[in-house]
Amino acid sequence: MHVLVVGGGPAGCACAIALAKAGFSVRLMEAKHAAPKAGEVIPPSSLADLEELGLSQSTLDRDHLPCSGVDRVWGSDDIARVDYTSRLAHGWHVDRQLFENALLDLCRDVGAQVSVGTAVREAVRTAAGWQLHFDDGTEDVASFLVDASGRRAVIANQLDVGNDVKDRLIAFHAIVDHNGHDTAQPLFIEAVESGWWYTTPLCGERRVFAFLTDSDLPAAHRAAKTESFNDLLRETRLVSQFLTLAKTGRPRAWAATSRRLHRFSGPGWLAIGDAAIGRDPLSGGGIAQALRDGQKAAAVIEDCHKAAVASPTGFDEYLKAVWDSHEVERKEMYGAEHRWPWSPFWARRSGRG
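Residues numbered from 1 in each chain as written. Predicted model: local features only at pLDDT ≥ 70, side-chain atom pairs only at ≥ 80, totals over all residues. Heavy atoms only, no water.

Asks: It is not clear to me how the overall build of the chain should be interpreted in this structure. Could you clarify?
Replies: Within the chain, the secondary structure is distributed over 10 helices and 21 strands. Against the globule reference of 20 Å for 353 residues, the chain gives a C-alpha radius of gyration of 21 Å, in line with a compact fold. With respect to the three principal axes, the spread of C-alpha positions in the chain is 60 × 45 × 40 Å. Counting all 353 residues of the chain, 56% fall into the buried class. Within the chain, counting contacts between residues at least 6 apart in sequence, those at least 24 apart form 71% of the total. Per element, the accessible surface of the chain, about 14,900 Å² overall, is 50% carbon and sulfur. Considering the chain, the positive charge centre built from 39 side chains and the negative charge centre built from 46 side chains are found 4 Å apart. (Helix = DSSP H or I, 4+ residues; strand = E, 2+ residues; numbered from the N terminus. Rg over C-alpha atoms; globule rule 2.2 N^0.38 Å. Buried < 20%, exposed > 50% of the residue type's maximum accessible area, 1.4 Å probe, protein only. Contact = heavy atoms within 4.5 Å. Areas by Shrake-Rupley, 256 points an atom, 1.4 Å probe, with all protein chains shown as cover. Lys, Arg positive; Asp, Glu negative; His and termini not counted. Charge placed at Lys NZ, Arg CZ, Asp CG, Glu CD.)

Laid out in structure tokens, this is it:
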């Protein structure tokens, strides 16, 4: 059985590694259309999943900065901390490029074929499986497709699987040089009237500042421009204290909407990670969930192969439960902030707007 995994992020790599270890013929394709997001954190609870894939703690410690937890100014002016080190552990501030390259190397090590820079142009369902046409003019035939292509959801879109979108959240981030250090630091989150900010250190003595608001609000138009992005940053009470330079560079925008596919699988295919469910960054755990999705998908595909059936069993129910849990958590987190009842951003999330 030949499986094509579309997307080389954490979800796609976790799936490809597990399938290759189980003896499947696996090809993973990564188009690399967009730069990876910056400022993500891996919690210490994900270490067991990473070690199962072959990524050791020593490698994580070498390539990524330690993260001591999460500090939030949310719902009040006080700082609330989730402290990883109280459990004699730490997480990691992820250099996403290094992290994904390490996962792709693990895919190769276990025998998966990795193609970087090639995208699926067309996927046609046939009696024998899938006929794939790629943008470089080549073709392939696969028995099963895994859509791990991120929010672009390449395969799901080609199959006309619709989306349920819950909000208009958009993120703007800028990276600056910073006199950092290697001691464990937290991810810092601060709610403001028109949305919320986070800042976190990056490798190479850099720091990312990110602002999240709704795409139709005036704050989004301000955040898209360098000078007004800096003005918004300077208006923060706590996040701005980490800005050691006078201003940031040009911000980059990316979609951060909470969304889910109308269905997550069908005959000969399934979707995982951000392709299946776009999580609100506030909930965290995106990488951790992606790793779990990839391993779950591999097990489901193996079951399909053993039972000689085309349609995955129980996978939609699994991701529906993931989505329901995300929605409960998202509503609870936003519902905890009451300081700006007149703000459209917060009114929408409290049910008042």
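Don't stop here, the text continues.
Asks: Explanation requested: the pairing of strand β2 (residues 25-30) in the structure shown.
Replies: Remember that side chains alternate between the two faces of the sheet whenever the strand is regular. Among the 6 residues of β2, 5 are classified as buried, and the element is accordingly described as predominantly covered. In this sheet, β2 lies alongside strand β1 (residues 2-6) in parallel orientation, the contact comprising 5 bridges. The residue bridging V6 from the neighbouring strand is M29, located in β2. Where the polypeptide runs from β1 across helix α1 (residues 10-21) and back to β2, its parallel neighbour, the crossover connection is right-handed. In this sheet, strand β7 (residues 113-116) lies alongside β2 in parallel orientation, the contact comprising 4 bridges. Paired with M29 across the two strands is S115, which belongs to β7. (Pairing = 2+ DSSP bridges. Right-handed = clockwise from strand over helix to strand, strands pointing away.)

Asks: I'm lost on helix α9 (residues 315-335) in this one. Help?
Replies: The periodicity of an α-helix, 3.6 residues per turn, causes residues three or four positions apart to be oriented the same way. The first and last C-alpha atoms of α9 sit 30 Å apart over 21 residues, in line with the 30 Å expected at 1.5 Å per residue. Burial in α9 covers these residues: F315, D316, L319, V322, W323, H326, E327, R330, M333 and Y334. Along the axis of α9, the buried positions cluster into a sector of 135°, meaning they face one direction only. In this structure, α9 carries E317, K331 and E332 as exposed residues pointing more than 90 degrees from its buried face. (Expected span 1.5 Å × (residues − 1). Arc of directions from axis to C-beta.)

Asks: I would appreciate a short explanation of the packing of aromatic side chains in the present structure.
Replies: The relative placement of two aromatic rings is captured by the distance of their centres and the angle of their planes. Counted according to the given criterion, the structure contains 12 aromatic pairs. In this structure an aromatic cluster arises from ring pairing among W74, W196, Y198, Y334, W340, F345 and W346. Positioned over the ring face of F345 is R349, at 3.8 Å from the centre of the ring. (Phe/Tyr/Trp six-rings, centres within 6.5 Å; stacked < 30°, edge-to-face > 60°. Lys NZ or Arg CZ within 6 Å of the ring centre and 35° of its normal.)

Asks: What am I meant to see in the packing of α1 against helix α8 (residues 286-307) here?
Replies: Between α1 and α8, the shortest axis-to-axis distance is 7 Å and the interhelical angle comes to 35°. Every pair of crossing elements has a handedness; the one defined by α1 and α8 is right-handed. In this structure, α1 uses P10, A11, A14, C15, A18 and L19 to contact α8, whose residues at the interface are I287, A290, L291, G294, Q295, A297, A298 and I301. Residue classes in the contact of α1 with α8 are distributed as 12 nonpolar, 2 polar and no charged. (Axes fitted to C-alpha atoms, helices over the stretch in contact; angles between N-to-C directions. Left-handed = near helix turned anticlockwise from the far one by under 90°. Nonpolar A, V, L, I, M, F, W, Y, C, P; charged D, E, K, R; others polar.)

Asks: Honestly, the sheet that holds strand β9 (residues 129-134) in this entry has me stumped. Any pointers?
Replies: Strands belonging to one sheet form pairs held by backbone hydrogen bonds; the direction of such a pair is parallel or antiparallel. Across the sheet, which stays open at both edges, the 3 strands sit in the order β8-β9-β10 with antiparallel pairing between neighbours. Edge positions in the sheet fall to β8 (120-126) and β10 (139-142), since each has one partner strand and no second. If you compare each strand with its neighbour and ignore which way they point, the axes differ by 20° on average. Alignment of β9 against β10, held across 4 bridges, turns out to be antiparallel. If you follow Q131 over to β10, its bridge partner there is V141.

Asks: Would you take a moment to explain unusual backbone geometry for this structure?
Replies: Most peptide bonds adopt trans geometry, and most residues besides glycine take a negative phi value. Phi is positive for A153, close to 45°, though the residue is something other than glycine. Considering the arrangement of structural elements, one finds A153 in the loop between β11 (144-147) and α5 (154-158). Of note, the phi angle at A308 is positive, near 55°, even though the residue is not glycine. Counting through the fold element by element, A308 comes out in the loop between α8 and α9.

Asks: So what exactly am I meant to see when it comes to the sheet that holds strand β18 (residues 259-261) here?
Replies: The 3 strands are arranged β12-β18-β21 in an open sheet whose pairing can be described as antiparallel. This sheet does not close on itself; its edge strands, each paired only once, are β12 (163-165) and β21 (277-278). The pairing of β12 with β18 spans 3 bridges and is classified as antiparallel. Looking across to β18, one finds that D164 is bridged to R260.

Asks: Is there a simple way to explain the packing of α8 against α9 in this structure?
Replies: Packed helices, taken two at a time, are described by the angle between their axes plus the distance between the axes. Viewed as axis vectors pointing N to C, α8 and α9 meet at an angle of 165°, and their least axial separation amounts to 11 Å. Taken together, the axes of α8 and α9 lie roughly antiparallel to each other. The way α8 lies across α9 gives a crossing that is right-handed. Side by side, α8 and α9 meet where Q289, R292, D293, K296, A297 and V300 of the first sit next to F315, Y318, L319 and V322 of the second. Residues of the contact of α8 with α9, tallied by class, amount to 6 nonpolar, 1 polar and 3 charged. (Parallel < 35°, antiparallel > 145°, perpendicular 65-115°, else oblique.)

Purely geometric numbers; function is a separate question.
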